[in-house]
Amino acid sequence: MNKAVNDGVWSGSWVAERLGVELLGDPELTDLLGLALRRNPKRAHLLVSNVLGKHVPQSPSVVYGYGFTLGRRVRDLLGPDESARAVVLGYAETATGLGHAVADGIALAPYLHSTRRPVPGVATAGGFEESHSHATSHLLLPENPELLAGEGPLVLVDDEFSTGNTVLNTIRDLHERYPRGRYVVVALVDMRSSADAGRLDEFAAEIGARVDLVAAASGTVRLPDGVLEKGQELVARYEAGGAGTGGQSSAAPSRLVAQFPAPLKTNLDANSSGARGTARPAPTGPHSTDNRITRVELRWPRNLPDGGRHGFTPAHRIRLEHALPAMAARLADALPQNAHRVHILGFEELMYAPLRLARELEQVIDAGVTYSTTTRSPVLAVDDPGYAIRTRLTFPAHDNPTDGPGDRYAYNIAGADFDAVVAVIDDTADTPELHAPDGLLARLAENTPHVVLAVVPSYVPERPPMLPEPLRGPAFSSYAPEEVGWLLQDLSDVTLEAPTEEREEAIQSGGAHYAESLPVEYQPSEQYQQLFHTALDEAASRLALAVGAVTELVLAERSPHPVLVSLARAGTPVGVLMRRWAQYRHGLDLPHYAVSIVRGRGIDANALRWLAAHHDPADVVFVDGWTGKGAITRELTDAVREFEESDGITGFDPEIAVLADPGSCVQTYGTREDFLIPSACLNSTVSGLISRTVLRSDLVGPHDFHGAKFYRELAGVDVSVDFLDAVAARFPEVTDAVATLAKELLAADRTPTWEGWAAVERISEEYGIHDVNLVKPGVGETTRVLLRRVPWKILARAGAGADLDHVRLLAEQRGVPVEEVAELPYTCVGLIHPKYTRGATGADGKAVAV
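Residues numbered from 1 in each chain as written. Predicted model: local features only at pLDDT ≥ 70, side-chain atom pairs only at ≥ 80, totals over all residues. Heavy atoms only, no water.

For the rest of this paragraph, the subject is the packing of helix α15 (residues 526-557) against helix α20 (residues 731-747). One way to put it is that α15 packs onto α20 with a least axis distance of 8 Å and a crossing angle of 50°. As far as their axial angle goes, α20 and α15 are oblique. When the axes of α15 and α20 are compared, the crossing they make is right-handed. Along the contact surface, α15 presents Ser541, Ala544, Leu545, Val547, Gly548, Ala549, Glu552, Leu553, Ala556 and Glu557, while α20 presents Phe731, Glu733, Val734, Ala737, Val738, Leu741, Ala742, Leu745 and Leu746. Class assignment of the residues belonging to the contact of α15 with α20 gives a composition of 14 nonpolar, 2 polar and 3 charged. (Axes fitted to C-alpha atoms, helices over the stretch in contact; angles between N-to-C directions. Helix = DSSP H or I, 4+ residues; strand = E, 2+ residues; numbered from the N terminus. Parallel < 35°, antiparallel > 145°, perpendicular 65-115°, else oblique. Left-handed = near helix turned anticlockwise from the far one by under 90°. Contact = heavy atoms within 4.5 Å. Nonpolar A, V, L, I, M, F, W, Y, C, P; charged D, E, K, R; others polar.)

Here it is as structure tokens:
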């Protein structure tokens, strides 16, 4: 389109004359852009693109050609290697089709566009605000969460680049999550002011990445003082009924037709015109009885995305190219034979599919084809050749938007003398509102003799099954149901136990992961049980003090209403006690869940998804019993980072709150002393009768929680609730001491030193083990070695007293030597038998097969 089509009148002259707005820059700017006015508190004038296919009907070849050509320029800029690694991101709603055409021009790039339509079950990979828009919330909903996580260039496409705020805010947000070295910004027009021109280079330097800009034309808008107020006053006056507003559909056809491009003649032979048959008015489905409306079945390919809302790959593009000729033929067959001017009307964000259909139709019918789409954006209509928006059709939203009902618009359709209008929508929008007496189809029927409706299936990624609610006692665990919800699946009926020696050999040989089986549950002797009760009686006050202190730190520093998430299973008794302290001291009823984390495989991602769906991730506080060398601390940090990258769900803080931190691995703890926590003395019988967690591919599917067993048969020897009650009974006597200790801890430098990890590395080398995973520091970890693994020897700090009574007893029962060490940062360290085979049963290690 150019000024000559409109008798030399620029479609921005009406605004320019009344407000003093000037368009300065490349000569083609006035061909590409017109001006209009809208009610907006931040910017009254609107740059209206003549080649975008949004507000102004235009040849689909012209619309697609601009985007495709920009994509070719990007490919030339990046080169073949980087083009093959690029991802294109377009902006809703106006640039969804443009961005897709740019991706086509690059040819090898997958495409994603932002959306204002939330889709249940699809995780958000990001979002941003559009500061000057009337509808600001943008979501990124890729089906493949890895789409934005690559290191290749990210190409961001918008219709215009003015202040650059929206694009730069997007890059900043995504760069924090998925840093990369290069970005390319693409726009039809670069309209930055001189003040904004240098921001791109400054921003690139700030994030340490290269940022390029590709545009079809460049210039700027010169705005006189007071233009916003003048524009608002002008809009108010015309909306109140000033002459020449164009109403809803009152423009004279003879004046409006000249605004649109003349029909494009094709090179079809005489037989080509036969592709069109007689229009077949028919009932349009259950919502309408208007026989002026013809519904055509496109036969859109099954499971082919309708656009880039959830991602569109080069493979999808190939499928679409193959299907387009047949779909265009079906459209042509639904049009009247005498149609000379046919318009394809897309629907809000659904721009690409209608555009490609329009472009294909343009090739097979002997008529002028134009293309535009409906929009959320309210723009003033003025019936003047020098104004970009001549007429406006208003109709109710028809896709059940989450922000509620409201008006939607189609511009420059009324009075354009179209012989037929083809409305292309997705099936989400095929609602009673679409077919209502004041709906879009009825409004179109008032302005053209033939309306054709084509419905494209709205692609929704396959959703995983709904995750179940947490398991609770007494059906699962001996804890009261309010004490903890287990985000696990019940594997109680599955045989998972294996002899300790067989498990150790399989684990160390690489034949199995420790989480794929369970050790045979240790049955404590009467002597050992008595030792546990003695230790609990002696340590209860010390435990109560540490529980109170760590809970006060969490409430002061993490969240006033935390969601406690204990790492099953050692963390679960501690999580219950912290919940009890918060209730006792502050009257808080804190939610508490237990989740699985597996060394080498990370935390249960489905459990995190469940938590994110039910709570604010920022309120989640992970809880464990104690730290050893800090392996789980590191595991959780890595797992949360990987989860953010895969699911786009952020906010989880991987900092663990523990009762005891002898390894100096965390900064939220009750004590850093390595002392006996009696719950470490036993297995399930002090942890709600729940086994250690299990992760095995034949039992745990991609949409399942990790598994565990409930040992109901051990109820007779269960001391889980006894342990909790014994510690909670000491809360009143330590209340003052907790207040003092918490105050000291809050004022202290609690930065982790990781001295425990350094000690483990030293011990691993000194004892010739050469594997830190076989060195288990601290009373709790040493106890686990003696109960679950094949121990080699125990290192005990010289002078350690009653804290090691149970360790010495277990070591004696298993024939494991206890070696006293003068300088040891832990009370004790357990060494697992290195290079274990079933023949390595001797405690001295002489029978180890090498």
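With that settled, consider the nonpolar core. With 112 residues, the main nonpolar core has Leu37, Val155, Val186, Ile344, Tyr387 and Leu444 as its most contacted residues. Element by element, the count of residues in this core is highest for helix α10 (residues 314-334), at 7 residues. Residue contacts for Val155: discarding those within four places in its chain leaves Val74, Leu78, Ala86, Val87, Val88, Leu89, Val102, Ile106, Val184 and Val186. With 78 residues, the next largest nonpolar core counts Val554, Leu590, Cys681 and Val727 among its residues. (Core = buried A, V, L, I, M, F, W, Y, C linked by side-chain atoms within 4.5 Å. Buried < 20%, exposed > 50% of the residue type's maximum accessible area, 1.4 Å probe, protein only.)

Further remarks concern the environment of Phe675. The topology assignment puts Phe675 in the loop between β27 (668-671) and β28 (707-708). Using a relative accessible area of 4% as the deciding quantity, one classes Phe675 as buried. As for Phe675 and Cys828, which are separated by 153 residues in sequence, their C-alpha atoms are 9.6 Å apart. Here Phe675 is in contact with Arg542, Leu543, Ala660, Val779 and Asp803, once residues within four sequence places are set aside.

We now examine the side chain of Thr375. Turning to its location among the elements, Thr375 is positioned in the loop between β13 (368-373) and β14 (392-396). Under the relative-accessibility criterion, Thr375 is labelled buried at 1%. Within the local environment of Thr375, its side chain forms a polar contact with the side chain of Glu93, the two groups lying 2.5 Å apart. Non-local contacts of Thr375, meaning those with residues more than four positions away in its chain, are made with Lys54, His55, Glu93, Glu348, Arg408, Tyr409 and Tyr411. (Polar contact = N/O pair within 3.5 Å; in protein donor to acceptor, adjacent residues only side chain to side chain.)

Read across the sheet, 4 strands follow the order β29-β32-β30-β31 without closing on themselves; strand pairing throughout is mixed. Whereas interior strands pair on both sides, the edge strands pair on one side only; in this sheet they are β29 (775-777) and β31 (818-821). Strand-to-strand, the axes of this sheet are offset by a mean angle of 20°, without reference to chain direction. Taken together, the 5 bridges between strand β30 (residues 791-797) and strand β32 (residues 828-832) define a ladder with antiparallel strand orientation. Among the inter-strand pairings, Lys793 is bridged to a residue of β32, identified as Leu831. Across the sheet, helix α21 (residues 755-766) lies against β29, β30 and β32, angled at about 140° from β29, the strand it touches most. (Pairing = 2+ DSSP bridges.)

The N-to-C vectors of helix α3 (residues 60-85) and helix α11 (residues 352-364) enclose an angle of 125°; their axes lie 8 Å apart at closest approach. Judged by the angle between their axes, α3 and α11 are oblique. Like other packed secondary-structure pairs, α3 and α11 cross with a definite hand, here left-handed. Each of Pro60, Ser61, Val63 and Tyr64 in α3 lies in contact with α11, whose residues at this interface are Tyr352, Leu355, Arg356, Ala358, Arg359, Glu362 and Gln363.

Here we come to the sheet that holds strand β11 (residues 293-296). Read from one edge to the other, the open sheet built from 5 strands follows the order β11-β17-β16-β12-β13, with strand pairing classed as parallel. With partners counted over all chains shown, the strands left at the sheet margins are β11 and β13, one partner each. Direction aside, the axes of adjacent strands within the sheet are offset by 20° on average. Bridge count for strand β12 (residues 341-346) against β13 is 6 bridges, and the pairing is parallel. Residue Ile344 lies in a different strand from β13, and its bridge partner there is Tyr371.

Under the counting rule described, the total for this entry stands at 14 aromatic pairs. Centre to centre, the rings of Trp14 and Tyr238 are 5.3 Å apart; their planes meet at 85°, and the pair counts as edge-to-face. On the criterion of sequence distance, the pair formed by Trp14 in helix α1 (residues 13-19) and Tyr238 in helix α8 (residues 227-239) is long-range, its members being 224 residues apart. Tyr238 shares its class with Trp14; the two are buried. (Phe/Tyr/Trp six-rings, centres within 6.5 Å; stacked < 30°, edge-to-face > 60°.)

By the element assignment, Ser162 lies in the loop between β8 (154-161) and α5 (165-177). With residues up to four places along the chain from it excluded, the contact list for Ser162 reads Arg43, Met191, Arg192 and Asp196.

With respect to the element layout, Ser372 can be found in strand β13. Take Ser372: its relative accessible area is 1%, and that puts it in the buried class. Placed 25 residues apart in sequence, Ser372 and Phe347 show a C-alpha to C-alpha distance of 8.7 Å. In terms of polar contacts, Ser372 uses its side chain to reach the side chain of His343, at 2.8 Å.

Let us look at the pairing of β32. Most of β32 is tucked away, with 5 of its 5 residues classed as buried. Because side chains alternate across β32, one face comprises the buried residues Cys828, Gly830 and Ile832, and the other comprises Val829 and Leu831, equally buried. Sheet analysis places β29 next to β32, joined by 3 bridges and oriented antiparallel. Along β32, the bridge assignment pairs Val775 with Leu831.

With that settled, the discussion passes to the pattern of salt bridges. Following the criterion strictly, the structure yields 35 salt bridges and no others. The salt bridge partner of Asp426 is Arg117, with a shortest N-O separation of 3.1 Å. On the criterion of sequence distance, the pair formed by Asp426 in strand β16 (residues 420-426) and Arg117 in the loop between β5 (111-113) and β6 (126-129) is long-range, its members being 309 residues apart. Of the two residues examined, Asp426 and Arg117, each falls in the buried class. With its nearest N and O atoms 3.2 Å apart, the salt bridge here joins Asp430 to Arg295. Note that Asp430 is positioned in the loop between β16 and α12 (432-435) and Arg295 in strand β11, a separation of 135 residues in sequence. Here Asp430 falls in the buried class, since its relative accessible area comes to 17%. For Arg295, a relative accessible area of 23% translates into the label partly exposed. Through salt bridges with shared partners, a single ionic network connects Glu483, Arg579, Arg580, Asp589 and Asp725. (Salt bridge = Lys/Arg side-chain N within 4 Å of Asp/Glu carboxyl O.)

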